[in-house]
Amino acid sequence: MLADQIIHSIGEGKIGPFYFLYGVESFYRLEIIRALNHKLITSDNRDFNLENFEARESSVGDWIGAAKTLSFLGGMKLVIVRNLHETTIEDSDQKKLFKYVADPGLDSCLVITADKVDRKRKLYKNLTTQQGALSCEAPQEEGLLSWVKHRARSFGYDLSSGAARKMVGRIGAKPGVLAKELEKMMAYAGRENKITESIVGDLVGDIKVENAFSLTEALKEKKTEKALLLLQNQLDHGEDPIKILGLIAWQFRTLWEVKHYQAQKYGVQKIAEQMGAKPFLVEKALQYTKKFNRSQLQEGMKYLLEADRDLKTSGKEPRGVLEMLLLRICSG
């Protein structure tokens, strides 16, 4: 079952006694929990019928005990356990949990969440096979087109196909960000109830471009793991490897020039004048010049030239070329 189907079922009052929501896309987990709260919890019963636990700060006995406690004034009790991946559960407690999940109380809804899970482990192998288990992963961008159009329609707005395509193209496979941007555009559209490509163009920034700048920031800070993850994100979203390399090269040339004039004791304004650049760009570069000496910058420029040649003439796989470039720069 998909997240939207579960949310629709909850809205109709068809609520399961157990849900295991796992995966890196937290937006779907939040949406389902929000739907359950809306359906089951009121201002009158909140103190009695809603219990929240952090998995690392509580025990399986706490969760099951809460789920078995009678609800207040009837209705279904909601018990939420967050971040199961952050704790280790002993075998004896796993057996207790499996026993409860196999025959859960019908007067309670137990929801357990986790980020990445290892299905080879007995705990997750069992939980991911339960009827209420849902893998919360972002769909492919093509699938998001119909998803974001349907979401707009559910609020009474018409999102054109072109507008949906532009949204997904700029933001990528990020349902949570898409939902927030959609809210912003619906408020802008107002009573017109139509969201056009023009509105998207005016209001939605290009997240892919922003991520490209985040990549260069990670490089300047020599944060290898973060840089590799951002590179993967860029490539997975279809960004041109040559464009990524060009942006990295531009940033390195800026660092090189700023460090050169810094060595001559020039101030920010004087450096900006010499480079024909904006002072804020110089100020930003000055935050990182101490992380690279002249030799490291020279080496970095050499690595960039080699990567440029490999991308354009060698036939090597672009991802591998860029990953090697990042590793060499960060280890310098």
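Refer to the structure above for everything that follows.
All of the points below concern the structure found in this document. Everything quoted here is computed from the prediction, not taken from an experiment.

1. Focus on the environment of Ser-331
- Position of Ser-331 relative to the elements: it lies in helix α17 (residues 318-331).
- Ser-331 gets classed as exposed once you look at its relative accessible area, which sits at 61%.
- For the pair formed by Ser-331 and Ala-66, sequence separation is 265 residues and the distance between their alpha carbons is 51 Å.
- One polar contact links the side chain of Ser-331 to the main-chain carbonyl oxygen of Leu-327, over a distance of 2.9 Å.

2. A closer look at the packing of aromatic side chains
- By the definition in use, this model includes seven aromatic pairs.
- Put simply, the rings of Phe-20, Tyr-22 and Tyr-124 pair up and form one aromatic cluster.
- Taking NZ or CZ as reference, Lys-222 lies 4.6 Å from the ring centre of Phe-292, over its face.
- For the cation-ring pair, Arg-294 lies above Trp-256, with the distance from its terminal atom to the ring centre recorded as 5.4 Å.

3. Some details on the side chain of Asn-37
- Counting through the fold element by element, Asn-37 comes out in helix α2 (residues 26-40).
- The class for Asn-37 is buried, based on a relative accessible area of 18%.

4. Remarks on helix α16 (residues 294-314)
- Spanning 21 residues, α16 covers 29 Å between terminal C-alpha atoms, matching the ideal 30 Å at 1.5 Å per step.
- Of the residues making up α16, those classed as buried are Leu-297, Gly-300, Tyr-303, Leu-304, Ala-307, Asp-310 and Leu-311. The buried residues of α16 occupy an angular sector of 140° when projected down its axis, which confines them to one face. Looking at α16, the residues exposed on the side facing more than 90 degrees away from the buried face are Leu-305, Lys-312 and Thr-313.
- In this fold, the buried residues of α16 make contact with α13 (241-262) and α17.
- At the N-terminal boundary of α16, the capping side chain belongs to Asn-293, with an oxygen 3.1 Å from the backbone nitrogen of Ser-295.

5. Considering a nonpolar patch on the surface
- Where nonpolar side chains cluster on the molecular surface, the patch consists of Phe-48, Phe-72 and Leu-73 and spans about 330 Å² of accessible area.
- Its location among the elements puts Phe-72 in the loop between α4 (60-68) and β3 (77-82).
- Residue classification places Phe-72 among the partly exposed residues on the basis of a relative accessible area of 30%.

6. Regarding the side chain of Lys-77
- With respect to the helices, strands and loops of the structure, Lys-77 is situated in strand β3.
- Not counting chain neighbours up to four residues away, the residues in contact with Lys-77 comprise Phe-48, Asn-49, Glu-51, Ala-66, Thr-69, Ser-71, Asp-107, Ser-108 and Cys-109.

7. A closer look at the nonpolar core
- Core analysis: the largest hydrophobic core is formed by 44 residues, its most contacted members being Tyr-19, Leu-36, Leu-78, Cys-109, Val-111 and Ile-195.
- Leu-231, Leu-245, Val-258 and Ala-272 belong to the second largest nonpolar core, which has 33 residues in total.

8. A short note on the packing of α4 against helix α5 (residues 91-102)
- α5 packs onto α4 with a crossing angle of 25° between their chain directions and a minimal axis gap of 9 Å. Relative to α5, α4 is oriented roughly parallel. The handedness of the crossing between α4 and α5 comes out as left-handed. Mapping the contact onto sequence places Val-60, Trp-63, Ile-64, Ala-67 and Lys-68 in α4 and Asp-93, Lys-96, Leu-97 and Tyr-100 in α5.
- Taken together, the residues that form the contact of α4 with α5 break down as six nonpolar, no polar and three charged.

9. Let's talk about α17
- Taking 1.5 Å of rise per residue, 14 residues should cover 20 Å, and α17 covers 20 Å from first to last C-alpha, within 8% of that figure.
- Every buried residue belonging to α17 is among Val-321, Leu-322, Leu-325, Leu-326, Ile-329 and Cys-330, and all of these are buried. Each buried residue of α17 sits inside an arc of 155° when the element is viewed along its axis, so together they form one side.
- For α17, the N-terminal capping position is held by Glu-317, with its side-chain oxygen 3.1 Å away from the main-chain nitrogen of Arg-319.

Cut-offs used in this document
Residues numbered from 1 in each chain as written. Predicted model: local features only at pLDDT ≥ 70, side-chain atom pairs only at ≥ 80, totals over all residues. Heavy atoms only, no water. Helix = DSSP H or I, 4+ residues; strand = E, 2+ residues; numbered from the N terminus. Buried < 20%, exposed > 50% of the residue type's maximum accessible area, 1.4 Å probe, protein only. Polar contact = N/O pair within 3.5 Å; in protein donor to acceptor, adjacent residues only side chain to side chain. Phe/Tyr/Trp six-rings, centres within 6.5 Å; stacked < 30°, edge-to-face > 60°. Lys NZ or Arg CZ within 6 Å of the ring centre and 35° of its normal. Expected span 1.5 Å × (residues − 1). Arc of directions from axis to C-beta. Contact = heavy atoms within 4.5 Å. Patch = residues over 30% accessible without salt bridge, like charges linked within 9 Å, V, L, I, M, F, W, Y side chains within 5 Å. Areas by Shrake-Rupley, 256 points an atom, 1.4 Å probe, with all protein chains shown as cover. Salt bridge = Lys/Arg side-chain N within 4 Å of Asp/Glu carboxyl O. Core = buried A, V, L, I, M, F, W, Y, C linked by side-chain atoms within 4.5 Å. Axes fitted to C-alpha atoms, helices over the stretch in contact; angles between N-to-C directions. Parallel < 35°, antiparallel > 145°, perpendicular 65-115°, else oblique. Left-handed = near helix turned anticlockwise from the far one by under 90°. Nonpolar A, V, L, I, M, F, W, Y, C, P; charged D, E, K, R; others polar.

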